Each structure stands twice: as structure tokens, then as C-alpha cells.
Amino acid sequence: MRVLVCVKRVPAPGAKINITADGQAVDTAYLAFTTSPHEECAVEEAVQLVERHGGEATVLTLGPAEADEQLRYAASLGVAKAVLLPITEADWDPQRTAAAIAGAIRELEAAEGAFDIILFGNESADSGGFQVGVRVARALGRPIVNGIKGIEVGDGSVRARREAEAGVEVYTIPMPVVLGVKEGINLPRYPTMKGRLNAKKVAVAQVTPSAEPGGQQMVTLLQAAEKSSNTVILGKGPEAAAAVVDVLEELGVLK
Amino acid sequence: MSEQTAATRDVPSTAKVVVIGAGIVGNCLVGHLSRLGWTDMVLLDKGPLPNPGGSTGHASNFIFPTDHNKEMAFLTVDSQNQYIDHGLNNTCGGIEVAREPQRLEEFKRRMTSAKAWNIDARLVTPAEIKEMVPFINEEILLGGYYTPSVSVVDSLATGTRMREEAVAAGNLSVFANTEVLSLETELLPSGFPKVTAVVTDRGRIEAEHVVIACGVWSPRIAAMAGANIPLTPAVHQMADVGPIDVLVESNKELAYPIIRDMDTFCYERQSAGSMEVGSYAHRPILMRPDDIPSNQASALTPTELPLTYDDFEPQMEQAIELMEMLGDAEIKYAINGLLSLTPDANPVLGETVEVRNLWSAAAVWIKEGPGIAQLVAEWMTYGYPHMCDPHGSDISRFYPHEKTEWHINARCNEHFNKTYGIVHPREQWASQRGMRRSPFYAREEALGATFFDARGWERPQWYSSNEKLQAKFPEAFTPRTHEWDARWWNPVTNAEHLQMRESVGMVDLTAFNEFDFEGPGACAFLDYVCVNKVDVAVGRSVYTPLLTPHGGFRGDLTIQRLGEHHFRVITGAFDGGRDNYWFNKHLEQWNADHADAQATFTDRSQGICTVGVWGPNAAKTLAKVTTDHTTAPYDLSQEGFPYGAVQDVLIDGVPCTMFRISYVGENGWEIYTRMEHGLKVWDAIWDAGQEFEIIPVGIGVYAVTGRIEKGYRLMGAELESEYTPVEAGLARPKVKAAALIGKAAYRKARDEGPAAIMCTLSMDSQQCADGYDRFPTGGNEPILTLSGDRIVDAKGRVSRVTTAGAGPSVGKYLLLAYLPPEHAVEGTKLQVMYMNELYPVTVERAGATPLFDPTDARMKS
């Protein structure tokens, strides 16, 4: 089984993310980078699929040279091959990204055969466009289902599961297939020291991306309004009880 | 008063002391200050409590107590005891393991230091290591150094306890999430600024004292007041890997000893089900305090940066080699943790030299945090610490060139990888050399000088040109068999010594500091600071200790009276910074209190060079070139120019000041002149001395062999604040009438008599078990009884070697050490431990009487 997982280098969560003065980029001075949470699960899923069914997993990203870090992270978890589509800009629009990735996949498949399953994260953690996976599937003429929280491989097809408002939707889809994976499908592992050392030895293939810009343009980035919270000490021990009741009544919890 | 929690509370408008930084140091400091009676204190931190985000929060928290350095060993053990008192010390034992043969030698040295400081330790075989740590690969190990008392402490909880103790006592208000915006100062009449207020984002606090305990941020806060705390934030890489079955199954936080893999500069420390792997092997990664992210901009905390794997990977391979199970464990947490490094790897403590009442308590590790907090609290309370001499950590030790970012980074880049290194007591720096050179430098270089660094000064330690003396003094050139004993040493020193004693030698002493005191109050002020009477005749000199308020040594120097109201202090390179600060600090108060007896201080060091000329032919040599202000020969006789006299002369027409004194036990002079005249004076003396076979003499003679034969004490070695002039044998028959710092304590010490006496010992045999001679370096080797017991005096101080060196003229290898009175008896047989072996020694002298030329006849004839 051949599995491809596509990831994106994004700022690590946890810290306040600042925007440069011109509003055109994220200030990366103090930022660490990671892959989007949905994609971390997609990488874990790719590794598990290969562990269960044999074959080989490949990780691919379109991004700056530094995205090598995210490819090697995937490699440290057990992904065997890595492909970088290097760009000089901070990011490409979804249409252009999808076209470039589809082109690269065709190139990779021409050389080594088709991928049975191509995994994307449901959406990226930074721009959240929900587009690239769908556009790649469309360009390759393959079926895609997003929001996937379970994958079982059958004979020539996969059973993919996703949560719906009223219950669970189950799809049976013939391979080759594209799936948009959602956080919660698994619990991603951490790399081991040996994994880290192995990842250092993985050769990262480079495919030069080529695609025309799409219709979506970034105008400016705006800092989200800071959520402020004020802590008020209502008191300590039993004396605080009356004040707590007042607050609960104010909130409508108690009447 | 209470812990601050409400986001809106304002800070008080005044406080006795504001401590900035609630890490291990700031927290313990407010606790100790509270215990010492301080009230009305404020503790600030820009981060949240209990972990505001500094280095304390991510520390690995373990304590290996053995240290070769007395000050740091004391503070580490004292800190460990404080953690024990809090019930927050988890003893697990620790093993330093060796992969390389030279590390086994270092372990013998550690055994020796452990004996000195009374730390239980033993050498273990690979099999014994395996028994204690079943998952270790003992096949790559040569042996280990096991310390059962190694522990992991809870530094956050200890800090919280100490902080809460001060709060509960009503002495402290705490403000977390409070950022310091600026420090305000006012200019004193002395010209020094004094800190007056701390401005925060919650308001302004007027404060009498401000303490910077901000770890990696300390330089940035100090700079707000124009002060300098020379340290740099630096990365220490650490990863937490697990879960690991064998650790999980132990069901304990710490079931196995901590392993320090010394030759790969790594450690492995159990943390419940996982293992912390830390490294000091990666390239030095230094940062600027201003480049550390804010709490808001940090994913974890500001001092837990993302691990840079490229730097860590070689250490992962070595860790897996040592413990294979680590390879398959998941890396759950990995950081480039920030800690503080200083140019000489020691802490930076005390009042800043630039700003009065602004204190530094920085560059401190968890292992010594509580002890150092107590030390600084004592310093603030008593004017000097009582618990131990802070010599090596004193912030005033630095000269201006040592406080630049360039210098800090150069030295930290050099010593970072020596964190687990094997560092020789005489080891020299490779970086930042050639910073300060005397006018004689070119001549010395041409004579084959090997230069040692003395706080930036390049001082000749020995001269290869003197190898020509081999034919004359063949026995002096006996090599040392063991490489460790011979490292940073050369036998030519012995020949220089003998030739000086036989004829005459020249010693470059330009590294001296010269401080001038002038004005109507100069004499009275110096009398107040110095033990011995300074009010001597013009043209005479005084050798005197300076005391701490509790009567220990604070300084040791000579003073020349150049005029009725003009005195010149001469002090050494290693204490110049500390003495400069001490004098200025007290002069400021003196001038404030004595409107009718003002004095001024001028540092003349940068303009004056010095050469010492000593030996039986020193007077004959100098007589050839020395005149009065005309061309008349100068009277250099003992009658015309007695010992201790200071006189102005011309040497080859150059104005010089000659001072008849000696630190090597020979007749001769220290000759001072202006820097620009130096070379001419050197050449004139050199030429005049040729008929006497004059030689250049290195500091190896001046500071070690010549000095130790005469039993002369050295500040920082024999002379420390834990000891009194009575014990050092430097007390004069009477105490002068004038008031002086430490007088009451000095009187008390005289009345009580010494609890220990400075002694000169000789080694009866230097032969080691392998059949060749060893040469102790003078690195705190313990003096033991014949039954091998440590010798501890009535004040709890251990007897240990303070200086060791050859005595070429007495034909013995000599040691200086304090001994309790019952052992300080000439002829007493004892032992010294060196590299974990015992050698017989004899007490040669108890007290200040020299072994060589006991009546000082040579210096006065």
C-alpha cells in the first residue's frame, strides 16, 4: 500500500502570535513551527496504515526551505520518504498550492506508481481555507471525503467514517482515494530518539512547484482582539459563600 | 500583607527593599531577609506564580555536592541542607561515569575534594554501576564516582515556602505579573548614583534597596539604572523521554541514581516513568537578554525555547549508547532551556559597583540557590556575609574590559563545554588574551616568556631564556612525572628562584593597582579602613589587612605615605576591583560624616608600571643607574634607604619611586614609574645587571616558590573573611586607638586566641603508589591526622592546603594550611591527601615565621 500525507508548516500554538508592522506577515522572531493538528493525525494515520497493511508512506509539503523540519518530524515518526515543494514566499494561495501539489503527485506517481490513499488534514491551522485537499482530489479526478475520523482498508476500497450532527456517516470509496482527516481520529505518537536520528538520514526529494496564482489574495493580516479576563477574588473559605451565590444568581444559574 | 492575586492591585508607594525576580534566589532571599529582621519588603516578578517563567521553572533540580572550589562547595552543601530542612530534598544518589582514562584521574581528585568537604563518596567499578543501574551499558565505562547524597530538590516549592514565610511574618508583599519599566536613581555627592525607586506597570515604589534576582534578565534590569551585571543567557538542552517500562515499574519518582556521563557532558536523570536527558556538549548557544521572548510570546515559558535538534543529535546517539532503552522512548518534552553564564562561571553577587544600594543576586544554579540567598541577605544586613567568603562571586571582581558583551561571550563560548570538563587549577584562558600588556612586554616576549592571564594582564610565568641555567642548577630541572602535576608549570621556575636568591632577578609587577588618597582626611580615612596604623612618617609604608565588619580578612595590601596628605595603596591584580569598590564605598560614607576631613580617591593604575628587582646583587645593580635629581649616585644603603622606605629617584634619568620591600624574601625594591618611561627603566636595569647575570623572573617564583618559602600569605588563598589576622599570624602586638572597620571583632579575636593557626608544612615523601613523586597543586587538599581523619577546628573549619609549591632553596615541597592549635606545633607529623592518596607531612612552622631566612636578614642587609 502506498500512502501520501500532505502537511503544512504553521506557527506552533500556545504563544501570542504577533503580526509585522506592514500587516503582511506573521512575526516569526520567537515562534516555533509545527504541522497543523489535523495533519499530525494524518501523519499518524499514514504510519498506522503502513504498519497494518505494509507498504510505504510518503510525506509532502509545499513551503519554505525551513519546512524541512516538518518533513523530518514526520520521518521521525515512521514516514519513509519526504518531498519538499520549495517556495520563496511565505505561503501560496490555495488554488495555486493545490495545482502545484497535484502536479507534483502526478510526477511522483509517474515515477513510482499511484498512491492508494492521499491524506490531508481537514484544514490548515493558520489560514484555514478548507480548499487544498478538495482541489487536489478534483485535479486528480479522485473521490474525496473530508472530516474523516476513522479509516478501514478493504479490498480495493476504504470505509471512511465521519461524525455528523445526528450520528455517524460511513462512506465506502474505491481506491485511489483522497481523505481529509480530522483531529481525534487517533492519538499521534511522539518521535523517539532513534526516530529522530533516522529522520536525519532521510533524503528529502525536491520537486519544483509550478502553478499560476489563483484568485484569492491576502490583503492584510489583523491581530485578533485580545480576550481580557479580570479575576476577582470573592473571598476565602466559608465567608466567600454569599458572594458566590450572588454571582451564580447574576449569571442565571441560580434563581 | 499578602500574596498578590487580584489583577488590579497597586504596588505600595514605598518599601525598604524591592526584590525583582521570584525564582529560587529572589524567593529565598526575601525569606532570609525576613529571618534577619527586614520588614517592609516587596517582591516583584513579571511572570505568574509559582513559576514566573525563568530558569528555575525548567531546572532539572539535582544536586551533586562535590566541587573543587571551596566557596561553591560550601554554598552547595549548605543549600542542600536548606532543601532538607524544608523536606523538599529527595535523595537518590548519583554516579559520575567515566568513558576516558583521564576521567578516572579526575575522580581521584574528586575523592580528595569530597574528603575535604566531608562528602560521602566512593569509586565504583563498571560492575558496581551496573548493579545500581541495571539498564546501563557498563561495557563502555571504565568506572564511576558514586555520591550517595546526590538528590533532586523541589526548587519551586522551596521558593514558595520561603516567600510565604516572609509574607506570613508580615514583612513582604508579593506582586506577580508586574513588569519593571525603569529604575530611578539620584546622584550622591561622591559622584555615584544611588537607586531610589522602581517604576512598574502597576505603579512606582520608592525603595532604599533594590535587588536584581532576575537570572537571565538581570543585565537588562541593571542597565535601567546604569549598572552592569556581566552574564549572558545561554542554552542548556534537555529532553524528557518516556514512558520507559523499567522506570514506570519502579513506581517511584527516583528509583535509580542520577547518571552523569562526564565524558560526553550529558546526564540522565529519572523523572518518574521517564528519563530527563540533558547536555552541556552542544555548541555554546548564547542569547541577549533583550532577545528573550515575553511570557505572552512564549509557547511554554520565556526560558523554554524549542530544542534545536541539529545540536542535540550527537548527544542522543551517546545517550542511546549508554542506555539503549532511551532510543525507543518517545521525546515528550524537549527544550533549549536558558540559564545564565558569566565570564568566569561564578555567580555575580553583591552591591553593583556602579549604583549604590542596587544589588545583584544573579547567575546562580538551583544547587546553590538557598545558600546564596542567605549569603546575599547577610551581606545586605551586616555589610559582608558571615557564612563564607564570597570572594569568587563578588560582583566587584570584574574590571571594565571584563564586563563587555564581547568579553562575556568570548569567555562563555570558551568555558561552556567545560561544565563537565576536567579543569586544571592553573588552567589558562585561550580567549581574550593580550588585553593588558606592560611596557616590558616586548622584552619579555623576546626572552621567551610564557604568559599567564591575571585579570587581563599578561604576566610572564616563566622564561625559556632561563633554560640556560640548566648547567648551573641541574637539580632544579627535575621533571615532574605525572602530566597533571607538570601541566601549566615549568621546572625553569626553580632555576629562576635559585638564580634570584644567588644574584639578582627582575619581576614585572605592572599588574599591581595603585590607588591614591589625598586631602586632609586621607590619613584618618585609611586608618579607619585598615587594621594597622597608617599615620607613619612621610616616605614610610604600612603593610596591613583590611577587615570585614565581623573581623575577617577583606583585603591585604601595602600603603605608601608619599606626602603629608597623600597616600598610595598598592594591591594585586586579582583584588584590585574588589578593593577599589570597598575603598570607594567607605570613602563616600566617610566624606559624608567628616566635613572637616575630606579625602579623594584616584585610581592611578592605568598610568603606572612596576618592576621588582631582588637578590643579593639588587642594590649593586641599581646603584649603577640610580641617582638623585641631579647625577649624584643615590644612597641605596640600609641606612640611607631602610626597609619599608619609599623614595623618589632617577633611574637612567627617569623619575621613579623606589619602595624597599619584598614578597620573595630578598633584598630589593619595587620600582614604580609612568607607563611611558617603563621600557627605558627596564633596559637600564637589565644592562646594569648583566655583570651580575641578572635574569627575568616569572610569577611562578614571585607568587609561589619565593612566597611560600617565606610563608607570605595571599589574599583569596590564606586570607579569607572566615579567618582573622590573629589566625593568619598577622596581628600586631597592639590595637591602634583609632576607630576601624571590624575593630570590636578584631579585639574579640585577639582575646579569644586563634581557633586555627596558619602553618607551613613540608612533604616528607612525595612518592605515590606507582613509585614516582607527586606535586599537590594547592587545590584544597585536606590535611589529615596520621589515622586519616579530617582535621576540623573549633569553628568548624577544615584544615586544607591553601597554597602548595616547591621550596627550591629549602629543598622541600611546601604546603600552607590552617591547623587547630593542638596540631599547629612544629614537628607534628600529619598527612595530606592528593589525588586520593596519602602522603606524610611535617609541620615546619606554626605562625608567620618563614622557613627560609627566618630572621629576614637577607631583606635587611
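Since this is a predicted model, take the numbers as computed values, not measurements. (Residues numbered from 1 in each chain as written. Chains lettered and ligands numbered in written order. Predicted model: local features only at pLDDT ≥ 70, side-chain atom pairs only at ≥ 80, totals over all residues.)

Visitor: Honestly, the overall build of chain A in this entry has me stumped. Any pointers?
Guide: The secondary structure content of chain A amounts to six helices and eleven strands. Dimensions of chain A, computed from the C-alpha atoms along their principal axes, are close to 75 × 45 × 40 Å. Every one of the 255 residues in chain A was classed for burial, and the buried ones make up 37%. Once local pairs closer than 6 in sequence are excluded, the contacts in chain A between residues at least 24 apart make up 72%. (Helix = DSSP H or I, 4+ residues; strand = E, 2+ residues; numbered from the N terminus. Buried ≥ 20, exposed ≤ 12 C-beta atoms within 10 Å, placed from the backbone. Contact = placed C-beta atoms within 7 Å.)

Visitor: I'm lost on helix H1 (residues 37-53) of chain A in this one. Help?
Guide: Note that an α-helix has 3.6 residues per turn; residues three or four places apart therefore point the same way. Residues and elements named next belong to chain A. With 17 residues, H1 should reach 24 Å at 1.5 Å per residue; the first-to-last C-alpha distance of 24 Å fits that figure. Those residues of H1 that fall on the buried side of the exposure criterion are His38, Glu39, Glu40, Cys41, Ala42, Val43, Glu44, Glu45, Ala46, Val47 and Leu49. Gly54 occupies a position one or two residues after H1 and carries a positive phi of about 80°. (Expected span 1.5 Å × (residues − 1).)

Visitor: Teacher, can you tell me more about the nonpolar core here?
Guide: Side chains of nonpolar character tend, in soluble globular proteins, to be buried together. Residue and element names in this part refer to chain B. Counting 139 residues, the largest nonpolar core has Val18, Ile20, Leu29, Met41, Ile212, Ala361 and Val376 as its most contacted members. The element that contributes the greatest number of residues to this core is helix H9 (residues 369-382), accounting for seven residues. Dropping the residues within four chain positions of it, Ile212 is found in contact with Ile20, Gly21, Ser218, Ile221, Ala222, Ile229, Trp359, Ser360, Ala361 and Ala362. Counting 115 residues, the second largest nonpolar core, distinct from the first, contains Leu587, Ile651, Tyr672 and Ala756. (Core = buried A, V, L, I, M, F, W, Y, C linked by C-beta atoms within 7 Å.)

Visitor: Got a minute to help me understand the domain arrangement of chain B in this structure?
Guide: Note: interface size is frequently given as the accessible area lost on complex formation between the parts. Residues and elements named next belong to chain B. For chain B, the domain assignment lists domain 1 (90-150 + 233-336), domain 2 (513-686) and domain 3 (705-859). Placing a centre on the C-alpha atoms of domain 2 and another on those of domain 3 gives a separation of 28 Å. Listed per partner, the contact involves 28 residues of domain 2 and 32 residues of domain 3. Mapped by element, the contributors of at least two residues to the side of domain 2 that touches domain 3 are helix H14 (522-529), strand S25 (541-547) and strand S26 (553-563). (Domains from an automatic or database assignment.)

Visitor: Sorry, what's going on with the sheet that holds strand S29 (residues 608-614) of chain B here?
Guide: Sheet strands associate in pairs through backbone hydrogen bonding, adopting either a parallel or an antiparallel arrangement. All names here are of chain B. The seven strands lie next to each other as S30-S31-S32-S33-S29-S23-S34, forming an open sheet whose pairing is mixed. A strand with exactly one partner marks an edge of an open sheet, and here the two such strands are strand S30 (626-627) and strand S34 (695-696). As paired elements, strand S23 (residues 505-508) and S29 share four bridges and run antiparallel to each other. Considered in S29, the bridge of Asp508 is made with Val611. Sheet contacts for helix H13 (residues 492-502): S23, S29 and S34; angle to S23, the most-contacted strand, approximately 120°. (Pairing = 2+ DSSP bridges. Axes fitted to C-alpha atoms, helices over the stretch in contact; angles between N-to-C directions.)

Visitor: Could you clarify how one ought to interpret the packing of H13(B) against helix H18 (residues 699-710) of chain B in this entry?
Guide: Packed helices, taken two at a time, are described by the angle between their axes plus the distance between the axes. All names here are of chain B. At a minimum axis separation of 9 Å, H13 and H18 run at an interaxial angle of 75°. Relative to H18, H13 is oriented roughly perpendicular. Along its contact with H13, which presents Thr493, Asn494, Glu496, His497 and Met500, the element H18 presents Gly700, Val701, Thr705 and Gly706. The residue inventory of the contact of H13 with H18, partitioned by class, reads two nonpolar, six polar and one charged. (Parallel < 35°, antiparallel > 145°, perpendicular 65-115°, else oblique. Nonpolar A, V, L, I, M, F, W, Y, C, P; charged D, E, K, R; others polar.)

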